[in-house]
Number of protein chains: 2
Amino acid sequence: MLFMYNEEIASLFTNLEIRVGDRVKVTSADGTFEGILMPRAEVGRNDIIVIKRTDGYNMGIRYAKGIKIEKVSGTKGAFSFPKVEMSHDRSLKTINMLYTGGTIGSKIDYVTGGVYMLTKPEELLAEVPELHGIANMEISNLMSIASEDMTYKEWIRIAQEAAAVLNKGSEGIVITHGTDTMHYTAAALSFMLEGVNAPVVLTGAQRSSDRGSSDAFSNLICSSHIATKSNIAEVGICMHSTSSDGQNIFIRGTKARKMHTSRRDAFRPINSVPICKVDTKGKIEYTSDYRHVGKGSKKVKALTGFEPKVALVKVHPNSNPDIIDYYIGMGYKGIVIEGTGLGHVPTSPSIKELSWIGQIRKAVDSGIIVGVTSQCLYGRVHENVYRNLRLLRGTGAIFCEDMMPEVAYVKLGFLLGNYNKKKAQEMLNVNIAGEITQRTRFDEFEVE
Amino acid sequence: MLFMYNEEIASLFTNLEIRVGDRVKVTSADGTFEGILMPRAEVGRNDIIVIKRTDGYNMGIRYAKGIKIEKVSGTKGAFSFPKVEMSHDRSLKTINMLYTGGTIGSKIDYVTGGVYMLTKPEELLAEVPELHGIANMEISNLMSIASEDMTYKEWIRIAQEAAAVLNKGSEGIVITHGTDTMHYTAAALSFMLEGVNAPVVLTGAQRSSDRGSSDAFSNLICSSHIATKSNIAEVGICMHSTSSDGQNIFIRGTKARKMHTSRRDAFRPINSVPICKVDTKGKIEYTSDYRHVGKGSKKVKALTGFEPKVALVKVHPNSNPDIIDYYIGMGYKGIVIEGTGLGHVPTSPSIKELSWIGQIRKAVDSGIIVGVTSQCLYGRVHENVYRNLRLLRGTGAIFCEDMMPEVAYVKLGFLLGNYNKKKAQEMLNVNIAGEITQRTRFDEFEVE
């Protein structure tokens, strides 16, 4: 099959000597449309002819008998988008873009029909002329990887670059990133960037930038507005507020989580509200307290230690606590338990070997720091309400308040990488970057 | 300290020879209140005197200088609630209550101030006189355990009893259960009860039944209405719709998840909408398709095999795939991966030993069934959109559509416990009990 189109369309193209990248004119019952022939998307219907119009949007035309296709002009060699140089406008602020890859920097592969990753961020910016009116953009092309492939090495590289540009006087940073693990990176940067003195905005896209449905452009625009106009001295994630374009939310880096596999509004604040809303016109509405950009020129420090020997362990009915022996044997330094409800682990009276209490005590006694969180995600763990919770507390495990499991994991790796064990243990439940919110009376289990 | 009250109050009680369970009269600036002296809740303020009024509600009175406390009458021996025998009303349906324990069957311990579990479900029912007007209730006192301690052995016990009473002609079942793992049990019963022919309603409480803020009563009442009046032939969870009393939702057993550690409306439908809403007056509003109670007397079968050697493994940045070797070595038969986004596992080009692809292939080659789900929880996994997903698919791992990780875990254990490997593999992605919903065009990654 040619470009993943169905056989009938593919053979038509072959007969007409039309290739992807050629300018074509398509006349259907709905009218006549001209544009550059695009490859079909990798999944979905294979009888939709896709052309990119001059306004940059893709449109699909259902193939039907009687449809007429003409070649207007060909492309020379491989097709590529026109390059646009960004000019420097002295009336605008200068912000920095750290490019790391991800769907926002992806396009459809013209040969295989798959998605491939851009290596030049300029190609992405060239498609968002609106950015020219918002800020001058200096680009650091750090890497070009999918976010599921991010490790602490990449977190450290990004933190170092962010600290470097901030210390050179950058007034704001936009980091483009794959969405899958963007919230892990956001938490890591929140902890690693000590004394951050400007908005550090992570953004990405749920659909690649050459699809009509892409959220890449409005996410880039909204993120640039926050990096330019806001006085938020925090790391956060700026993604769609709803599934429609137009309004984004900016969520604290330690309180954001990807909560949907494909929706544009996948990132939600957990145990928190967004710091602000922002629209594509640049209107910012603050909805929460935040750390303000201070006066003076404080230096930003990147604390780039990270201990990879930390495990995230989810308990559930029938889960076998022997896994703790594995982690002790492998020399792990930290374990974050994703408990149930208020932070329970099974004590399983009916199957004694499935009780976790003794094993967690063993881990603590072996020198491992054990943190307790909840797989509910929303809400706060509690070490007192039930007897089983008090048993767990008795092992020396630390109940991590309203931290998400993923954030507690990143924090424990950060603490063990930068401090000694005693200090790491003390700091696990001390708020560093908004990861712990204060208890309110609603968190108490009072008799009313 | 007496009953966990503060020292000043405790010594006042001692001087007046007042014990918990005595009828007391308290005169404060706000008025005079009479009721049975209750122990203070285990956590929260220790200067609130709690009395149970004749209407059954607890009230708290802040202790302050000048407050007057009198003993009206004592209790003989240990205090206990009056027992009420449930009478049989021929004009009402008869439903079954399977009692398993949990917070809904818990009270504050009069000696330690902690929470203890009732062993007699009648004590719970005695406090909900409204139930007498809804149905005759036959009680099976199965167990009295906290839900974090549930294992497949308890699931099987509950499934057997449910099948037994349904096959004796029960027209509906209410199962009282702790909330922490109620959704795991709901999924297990959904798979285990083949040919379920009446509503099977799990319910519980986020606050114990002797607290004024308890959701126990309205959850029991709403659940009994569904068990009595609805024609839903499915297993589901009936808990609060919002944080206020009055309206509950009934969520399919394979689509419910506890999403908050403490709120009354903690249970949410994931990738689904509730089957119905129900209020305490018995008004049922259907909001989704469901399996209807059929005519005739079909037998219900309890499929009670369960394979405990199934692991639920969450991947994240820096997660080490060597854990797969551990599970292979321990003879595991199934692994459910909680991937990121659309179902990714790290391929980590910068730290090669952190790539999961080879390890998952090894698991599949060792005969382990590997299912792929998403830690986003909401949305559907996809095996095609990105190259890394196609690599994962190439290992032989099965992408589990829109099943939650926990549900895929329970299903895989169920399948491996009741069928041979080939059949289990085939059925993992076949809808059995509403755990997989059909794709819509919004799930396709079409070029628009």
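As the structure is a prediction and not an experimental result, all values here were calculated from the model.

Counting its regular elements, chain A contains 10 helices and 23 strands. When burial is assessed residue by residue, chain A has 52% of its 448 residues classed as buried. Of the contacts formed within chain A by residues at least 6 apart in sequence, a portion of 71% connects residues at least 24 apart.

Strand pairs in the sheet, formed through backbone hydrogen bonds, run parallel or antiparallel to each other. Residue and element names in this part refer to chain B. Read from one edge of the open sheet, 8 strands run β9-β6-β10-β12-β13-β14-β17-β18, paired in mixed fashion. Looking at strand neighbours, the two that pair on one side only are β9 (136–141) and β18 (284–286), the edges of this open sheet. Across the sheet, the mean angle from the axis of one strand to that of its neighbour is 25 degrees, orientation sign disregarded. One ladder, built from 5 bridges, connects strand β13 (residues 235–240) with strand β14 (residues 247–252); its direction is antiparallel. Bridge assignment links Cys-238 to a residue of β14, and that residue is Phe-250.

A separate point is the sheet that holds strand β12 (residues 200–203) of chain A. Residue and element names in this part refer to chain A. Strands sit in the order β9-β6-β10-β12-β13-β14-β17-β18 across an open sheet of 8 strands; the sheet is mixed. Every other strand in the sheet has two partners, leaving β9 (136–141) and β18 (284–286) as the edge strands with one partner each. In this sheet, neighbouring strand axes are inclined to one another by 25 degrees on average, regardless of whether the strands run parallel or antiparallel. Across the face of the sheet, helix α3 (residues 152–167) comes into contact with β6 (94–99), β9, β10 (173–176) and β12 while running at roughly 170 degrees to β6. Its contacts with the sheet put helix α4 (residues 182–192) on β12 and β13 (235–240), and the angle it makes with β13 is roughly 155 degrees.

Right, let's talk about the domain arrangement of chain A for a bit. On domain assignment, one finds that chain A holds domain 1 (2–73), domain 2 (94–302) and domain 3 (310–443). For domain 1 of chain A and domain 3 of chain A, the distance between their C-alpha centroids amounts to 55 Å.

Attention shifts here to the environment of A:Pro129. With respect to the helices, strands and loops of the structure, A:Pro129 is situated in the loop between α2 (121–125) and β9. It is 9.7 Å that separates the C-alpha atoms of A:Pro129 and A:Ile221, two residues lying 92 residues apart in sequence.

Turning our eyes to something else, we now look at the pairing of β6(A). Residue and element names in this part refer to chain A. Within β6, 5 of the 6 residues are buried, which leaves the element mostly enclosed by the surrounding structure. Across 6 bridges, β6 lies against β9 in parallel orientation. Within β9, the position partnered with Asn-96 by the bridge is Glu-138. Pairing analysis gives 4 bridges linking β6 to β10, with the strands arranged parallel. Counterpart to Asn-96 in the pairing with β10 is Ile-173.

Put simply, side chains in a regular strand alternate between the two faces of the sheet. All names here are of chain B. Here strand β10 (residues 173–176) shows two buried faces, one formed by Ile-173 and Ile-175 and the other by Val-174 and Thr-176. Of the pairings in the sheet, the one linking β10 to strand β12 (residues 200–203) comprises 4 bridges and is parallel in character. Bridge pairing in β12 places Val-174 opposite Val-201.

Before going further, it helps to spend a moment on the packing of helix α3 (residues 152–167) of chain B against helix α4 (residues 182–192) of chain B. All names here are of chain B. With their axes 10 Å apart at the nearest point, α3 and α4 run at an angle of 50 degrees to one another. Considering the angle they form, α3 stands oblique to α4. Crossing of α3 against α4: the hand is right-handed. When α3 is examined against α4, the residues Trp-155, Ile-158, Ala-159 and Ala-162 are found in contact with a partner set consisting of Thr-185, Ala-188, Leu-189 and Met-192. Each residue belonging to the contact of α3 with α4 can be placed in one class, and the counts come to 7 nonpolar, 1 polar and no charged.

Before going further, it helps to examine unusual backbone geometry. Residue and element names in this part refer to chain A. Of note in the backbone geometry, Glu-17 takes a positive phi value of approximately 55 degrees without being a glycine. Positionally, Glu-17 belongs in the loop between α1 (7–16) and β1 (23–28). With a phi close to 50 degrees, Glu-401 is a non-glycine residue in the positive phi region. When you line up the elements, Glu-401 lands in the loop between β23 (398–399) and α9 (405–418). In this structure Glu-401 comes out as buried when scored by C-beta crowding, with 22 C-beta atoms within 10 Å.

Thresholds, definitions, all that
- Residues numbered from 1 in each chain as written.
- Chains lettered and ligands numbered in written order.
- Predicted model: local features only at pLDDT ≥ 70, side-chain atom pairs only at ≥ 80, totals over all residues.
- Helix = DSSP H or I, 4+ residues; strand = E, 2+ residues; numbered from the N terminus.
- Buried ≥ 20, exposed ≤ 12 C-beta atoms within 10 Å, placed from the backbone.
- Contact = placed C-beta atoms within 7 Å.
- Pairing = 2+ DSSP bridges.
- Axes fitted to C-alpha atoms, helices over the stretch in contact; angles between N-to-C directions.
- Domains from an automatic or database assignment.
- Parallel < 35°, antiparallel > 145°, perpendicular 65-115°, else oblique.
- Left-handed = near helix turned anticlockwise from the far one by under 90°.
- Nonpolar A, V, L, I, M, F, W, Y, C, P; charged D, E, K, R; others polar.

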